[in-house]
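# Remarks on the overall topology
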Amino acid sequence: MFFLTLIKSMMFFTGSYSINVFPEPLKPQEEQKPEVPETTSVGKTLLKDFESKASTATNMQELAQSLVENPIIQFMGGAMEIEEGYLSGFDNVEIKGFKSGAMFAPMIGSIPFVGYVFTLDEGADVDAFMQNLKDNANPRWNICTEAEETIVENADNMVFFVMCPAQFEEQ
């Protein structure tokens, strides 16, 4: 306590003292995301969002972007179109058999999260495509982290895939 009093006295004499020595951090002016119930996992929340939007989606990148903007997401993310080939989150295997697709992920690579939406041709074997995703998904694709949840589901010929944490920690 003596040192705090001494420092306070020194600050007073140097003119740098104010009553509020440690002010509250400034709050951003941007809109705050709504609260998300803690009982729903990240993956299941995104799956529900996908299911509600799949029937009206016409563009995979727009769908992926809307998913990464879900309030449960606690990072700045983005979406981009993808082509058949080697995709992040899968072992050394090419992912093929889709007509169009998009990836959604964080802008920073240290978060164990990667998601995809795919459109398959009419009449394609959706179950076999989904099984290929499940069989080749690697939750430890990101060297320092591991996804806790892997979800692969479909709505008709559209497939949703995500590897992610079960919950995001409160910051």
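Attention here is on the structure that accompanies the text. Everything numeric here is computed off the predicted structure, so don't read it as measured data.

### Structural notes on the overall build of the protein chain
A tally of helices and strands in the protein chain yields four helices and seven strands. Scanning the protein chain from its N terminus toward the C terminus, one meets helices and strands in the order α-α-α-β-β-β-β-β-α-β-β. Once local pairs closer than 6 in sequence are excluded, the contacts in the protein chain between residues at least 24 apart make up 62%.

### Some words on helix α2 (residues 42-54)
Taking 1.5 Å per residue, 13 residues should reach 18 Å; α2 reaches 18 Å between its end C-alpha atoms and fits that length. Every buried residue of α2 is listed here: V42, G43, T45, L46, L47, D49, F50 and A54. The inward-facing, buried residues of α2 abut α3 (60-68), β4 (100-106), β5 (114-119), β6 (149-155) and β7 (158-164).

### A closer look at unusual backbone geometry
Of note, the phi angle at D156 is positive, near 60°, even though the residue is not glycine. Structurally, the position occupied by D156 is in the loop between β6 and β7.

### Points about the pairing of β6
Of the pairings in the sheet, the one linking β6 to β7 comprises seven bridges and is antiparallel in character. Paired with E149 across the strands is C164, a residue of β7.

### A word on the environment of G115
As for its placement among the helices and strands, G115 is situated in strand β5. For G115, a relative accessible area of 0% gives the class buried. Expressed as a C-alpha distance, the spacing of G115 and M103, which sit 12 residues apart in the sequence, is 5.6 Å. Non-local contacts of G115, meaning those with residues more than four positions away in its chain, are made with A102, M103, F104, F161 and V162.

### Structural notes on the environment of A57
Positionally, A57 belongs in the loop between α2 and α3. Distance from A57 to M158, taken between C-alpha atoms, is 9.7 Å for residues 101 residues apart in sequence. Those residues in contact with A57 that sit more than four places away from it in its chain are L63 and M158.

### Quick word on the pattern of salt bridges
Two side chains that carry opposite charge are able to pair once their charged atoms sit near each other. Evaluation of the coordinates by the stated rule reveals three salt bridges. Across the pair K96 and E94 runs a salt bridge, and its minimum N-O distance is 3.9 Å. Here E146 and R140 are joined by a salt bridge, their closest N and O atoms 3.2 Å apart. The partly exposed category is assigned to E146, whose relative accessible area is 43%.

### Side note on the sheet that holds β6
The sheet built from five strands is open, its strands ordered β1-β4-β5-β7-β6 with antiparallel pairing. Each of the sheet's edge strands pairs with one partner strand only, and the pair in question is β1 (77-82) and β6. Pairs of neighbouring strands in the sheet enclose a mean axial angle of 15°, with direction left out of account. Two strands pair when backbone bridges link them, and β5 and β7 are joined in this way by six bridges, in the antiparallel orientation. Counterpart to G115 in the pairing with β7 is V162. Most of the contacts of α2 go to β7, to which it runs at about 160°, and overall it touches β4, β5, β6 and β7. Set on the sheet, α3 makes contact with β1, β4, β5 and β7; between it and β4 the angle comes to about 25°.

Analysis parameters
- For every chain, the first residue of the written sequence is number 1, and numbering continues from 1 along that sequence.
- For this predicted model, a pLDDT threshold of at least 70 governs which residues receive local features, and a threshold of 80 or more governs which side-chain atom pairs are given and counted, while totals over whole chains, interfaces and linings are taken from all residues.
- With hydrogens and water stripped out, all remaining heavy atoms of the structure feed into the side-chain values.
- Secondary structure is summarised from DSSP: a helix means a run of H or I of at least four residues, a strand means a run of E of at least two, and numbering begins at the N terminus for each.
- By definition, residues are in contact when any of their heavy atoms lie within 4.5 Å.
- The span expected for a helix works out to 1.5 Å for each residue beyond the first.
- Under the scheme applied here, a residue whose accessible area is under 20% of the maximum for its type counts as buried, over 50% as exposed, and between as partly exposed, the area being computed with a 1.4 Å probe on protein chains only.
- Whether two strands pair comes down to DSSP finding at least two bridges between them.
- Only one rule defines a salt bridge in this text: a Lys or Arg side-chain nitrogen within 4 Å of an Asp or Glu carboxyl oxygen.
- Helix axes are fitted only over the stretch in contact, all axes being lines through C-alpha atoms; the angle between N-to-C directions runs from 0 to 180 degrees.

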